Amino acid sequence: MSEKELVRFQIDGLEVEAEKGQMLLPVALEYGFEIPHLCYHEAVSPYGACRLCLVEVTKGGRTRMTTSCNYPVDAGIEVATATENVLRARRMILEMLLARAPHSETILTMARSAGIEETRFPIIDDADGCILCGLCERVCREVVGANAITFVNRGDKREMAPPFWDPMACIACGACVYVCPTDCIKMEEQGDERTIVRWKRTLKMQPCKSCGKPFAPQFQLNWIVDRVQLPKDFFELCPVCRKQKK
Amino acid sequence: MTGAQLEKILKKHDNQSSNILAILQDIQASENYLPRKTLEEVSQRLLVPLTQIYHLATFYRTFSLTPRGRHVVTVCTGTACHVKGAASILNNLERELKVQPGETTTNKEYTLETVNCLGSCALAPLVVIDGTYHGRMLGTTVLSMLKGEKKGASKKS
């Protein structure tokens, strides 16, 4: 097997090294540069939706602003992470995000640290906090493989939703809840039922054979057993009891 | 849509998931909309997640997820047509057909739609009835055309 090609380039004047074709944002983060980002997650493919990870890249004498999360690094490029241009663009983006998700702690904190107190844009009245970053959809599709939600419609009517608003493929695993940068997807557990509020999906949970506590949705467990072809009784015990048994 | 009809469409496109858009277009052409049941069947047959099909079906304006009327009336509301009075044509139609853009009359005769530009601005204001372009329209002309739609239909063929 041939070794992967390494390339050398500069970030804010610092000489760095990375595998060719790797995306710029993870490399910069690795080297300790602080680049704000919302729609990037190392577990899924980059999407470039939130636009916060903008940087200036100089390549072959030309400088342009680009999102670093989906910019493959190349030898000899010069990256500037915090020029006046970049900071101004980021502030504008933050103001727009703030109008969409006025109650998101993450965005409020980011905005404050960028010196923004309030947005100049009208706050969307029924703002539910979703910034359409698509992270939940990518996690659902690429990591979980459940394919329960997708972008629906386009333009100003774009939203994240299960097909026909019928969340039949959702296994209520909560991966989207975990990954949502604005915490606009909520999960509730009541008795032996788990609900993903945003997708209106409620599933009955399986009780543990040993301690009797419901620990995961039956639908989800059957789905996993089916996909990985595990023995039918594989999920009889909750994770805690299983550990003790060992 | 019957199983045999869908079978024919899928076969025409070699059961290839990469031809999904063409398949959806064929279903739309035959049914005038994309029935949920058919989409679910396509998803199962081609092993394409329903999410992906739904994403496409809602992204493109050609596709409709609700049954459309026998006649589709599309009013262009692009800049040139707007200036030339598209709004009043649309108003006329809304009042007469008692539907909003995107809706279908209760007798399933007409579906009213708007489009942002058809690229024939010299003919503004433009109305498309069942795929036939009619330029320099007036609200009243459109209405009389719809009433005598048999004439219009024969003209088309």
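One structure accompanies this document, and this report is about it. (Residues numbered from 1 in each chain as written. Chains lettered and ligands numbered in written order. Predicted model: local features only at pLDDT ≥ 70, side-chain atom pairs only at ≥ 80, totals over all residues. Heavy atoms only, no water.)

Some remarks on the interface of chain B and chain A
Then, in step 1: Counting residues at the interface gives twelve residues for chain B and 14 residues for chain A.
Then, in step 2: Contact between chain B and chain A buries roughly 1200 Å² in total, counting both sides, with carbon and sulfur atoms accounting for 66%.
Then, in step 3: The largest contributions to the chain B side of the interface with chain A come from Arg36, Thr51 and Tyr54 of chain B, which together make up 48% of the buried area.
Then, in step 4: Remark: the boundary between chain B and chain A carries one salt bridge.
Then, in step 5: Across the salt bridge formed by Asp166 of chain A and Arg36 of chain B, the nearest N and O atoms sit 2.6 Å from each other.
Then, in step 6: The interface formed by chain B and chain A contains five residue pairs in polar contact (both at pLDDT 80 or more).
Then, in step 7: Only helix H3 (36–46) and helix H4 (50–59) of chain B provide two or more residues apiece to the side of chain B that touches chain A.
Then, in step 8: The biggest single contributor to the side of chain B that touches chain A is H4 of chain B, with six residues.
Then, in step 9: The class makeup of the residues in the side of chain B that touches chain A is six nonpolar, three polar and three charged. (Contact = heavy atoms within 4.5 Å. Buried area = accessible area lost by both parts, 1.4 Å probe. Salt bridge = Lys/Arg side-chain N within 4 Å of Asp/Glu carboxyl O. Polar contact = N/O pair within 3.5 Å; in protein donor to acceptor, adjacent residues only side chain to side chain. Helix = DSSP H or I, 4+ residues; strand = E, 2+ residues; numbered from the N terminus. Nonpolar A, V, L, I, M, F, W, Y, C, P; charged D, E, K, R; others polar.)

A short note on the layout of surface pockets
All names here are of chain B.
Then, in step 1: As a volume, the largest pocket reaches approximately 1200 Å³.
Then, in step 2: Residue lining of the largest pocket: 41 residues in total, with Arg61, Thr62, Phe63, Arg68 and Glu113 positioned closest to the centre.
Then, in step 3: Within the residue set of the lining of the largest pocket, elements represented by two or more residues are helix H2 (20–31), H4, strand E1 (71–76) and strand E2 (110–115).
Then, in step 4: Considering only residue class, the lining of the largest pocket consists of 16 nonpolar, 16 polar and nine charged. (1 Å grid on protein atoms, 1.4 Å probe; cavity = no way out; pocket = protein on both sides within 12 Å on 5 of 7 lines; lining within 4 Å. Points joined across faces, edges and corners; volume = space filled by probe spheres on them.)

A word on the environment of Trp223 of chain A
All names here are of chain A.
Then, in step 1: With respect to the helices and strands, the residue Trp223 is situated in helix H6 (residues 218–228).
Then, in step 2: Placed 77 residues apart in sequence, Trp223 and Ala146 show a C-alpha to C-alpha distance of 9.0 Å.
Then, in step 3: Residues within four places of Trp223 in sequence aside, it is in contact with Val144, Gly145, Ala146 and Ile171.

Observations concerning the nonpolar core
Then, in step 1: In terms of nonpolar packing, the biggest core is built from 44 residues, with Leu38, Leu52, Ile107, Ile185, Ile196 and Trp199 of chain A touching the most fellow members.
Then, in step 2: Elements that contribute at least two residues to this core include exactly helix H2 (84–100), helix H3 (105–113), helix H4 (135–144) and helix H5 (175–179) of chain A.
Then, in step 3: Looking at this core, you find at least three residues from each of domain 1 (1–125) and domain 2 (135–245) of chain A.
Then, in step 4: Residues contacting Trp199 of chain A, with those up to four places away along its chain left out, are Cys136, Ile149, Met160, Ala161, Pro162, Trp165, Pro167, Cys170, Cys176 and Ile185 of chain A.
Then, in step 5: Counting residues in hydrophobic clusters, the runner-up holds 21 residues, among them Leu6, Ile27, Val48 and Tyr54 of chain B. (Core = buried A, V, L, I, M, F, W, Y, C linked by side-chain atoms within 4.5 Å. Buried < 20%, exposed > 50% of the residue type's maximum accessible area, 1.4 Å probe, protein only. Domains from an automatic or database assignment.)

Observations concerning the sheet that holds strand E4 (residues 132–134) of chain B
All names here are of chain B.
Then, in step 1: With mixed pairing, four strands are arranged side by side in an open sheet as E2-E1-E3-E4. The open sheet is flanked by E2 and E4, the only strands paired with a single partner. For this sheet the average axis-to-axis angle between neighbouring strands, irrespective of direction, equals 20°.
Then, in step 2: Packing of helix H6 (residues 86–97) onto the sheet brings it into contact with E1, E2 and strand E3 (127–129), and relative to E1 it is tilted by some 150°.
Then, in step 3: In the packing of helix H7 (residues 139–147) onto the sheet, the strands contacted are E1, E2, E3 and E4, and the crossing angle to E3 comes to about 5°. (Pairing = 2+ DSSP bridges. Axes fitted to C-alpha atoms, helices over the stretch in contact; angles between N-to-C directions.)

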